[in-house]
Amino acid sequence: QVQLVESGGGLVQAGGSLRLSCAASGRTFSSYAMGWFRQAPGKEREFVAGISRSGINTDYADSVKGRFTISRDNTKNTVYLQMNSLKPEDTAVYYCGGTRRASFGYVDRREYDDWGQGTQVTVSL
């Protein structure tokens, strides 16, 4: 099991940028593929981006391709989500999840073993 703590959320105007971080405890972080999800009020938690254990492979939801970038630093046990050109529809609580499964980019939240508590991102007009 790994404990995950997100940070970096906040209020930003449309067109702005934010960088989310997800810090993991434990010595097995590099054995986890990681993902970012988000949940807006009244909606299901949806996949945003995923990254493989090594960080070489990534995958994105169509709605964020070209605007968001997922990355990780296994020496710091941290995964990041750089969000540029933010839109009001990006407003949500953002969660990072970790999975011990072999691949990455799982869009089904049930594939993930551990979750952080979430960080709020609000994009205003």
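Our subject is the structure that appears above.
Every residue gets a number counted from 1 within its own chain, in the order that chain's sequence is written. Residues qualify for local features only when their pLDDT is at least 70, as the model is predicted, and side-chain atom pairs are given and counted only at 80 or more; totals for whole chains, interfaces and linings, by contrast, use all residues. To obtain the side-chain values, all non-hydrogen atoms of the structure were used and water was disregarded.

1. Description of the state of the cysteines
Here comes step 1: Cysteine sulfur atoms are paired as a disulfide whenever they come within 2.5 Å of each other. For the structure shown, the criterion picks out one disulfide.
Here comes step 2: Each disulfide pairs two cysteine sulfurs, and for C22 the partner residue is C96, the sulfurs being separated by 1.9 Å. Across the disulfide from C22 to C96, rotation about the S-S bond amounts to roughly 50°, and the bridge is consequently right-handed. Taken together, the residues C22 in strand β3 (residues 18-24) and C96 in strand β9 (residues 92-99) connect sequence positions 74 residues apart.
Here comes step 3: Residue classification places C22 among the buried residues on the basis of a relative accessible area of 0%.
Here comes step 4: The cut-offs for exposure are 20% and 50% of the maximum accessible area for each residue type, with area from a 1.4 Å probe on protein chains only; residues under the lower value are buried, those over the upper are exposed, and the others partly exposed. Given the relative accessible area of 0%, C96 is considered buried. Helix and strand definitions follow DSSP, with helices as H or I runs of at least four residues and strands as E runs of at least two, each counted in order from the N terminus.

2. Digging into the environment of R38
Here comes step 1: Within the secondary structure layout, R38 lies in strand β4 (residues 33-39).
Here comes step 2: Look at R38 and you get buried, because its relative accessible area is 5%.
Here comes step 3: With 22 residues separating them along the chain, R38 and Y60 place their C-alpha atoms 13 Å apart.
Here comes step 4: Note on contacts: a residue pair is in contact if any heavy atoms of the two residues lie within 4.5 Å. The residues contacting R38, other than those within four sequence positions of it, are E44, R45, E46, V48, S63, V64, F68, E89, D90, A92, V93 and Y94.
Here comes step 5: The term polar contact refers here to a pair of N or O atoms within 3.5 Å; inside protein, the definition further demands a hydrogen-donor-capable atom paired with an acceptor-capable atom, and it admits residues adjacent in sequence only when both atoms are side-chain atoms. A distance of 2.7 Å separates polar atoms of two side chains, one belonging to R38 and the other to E46.

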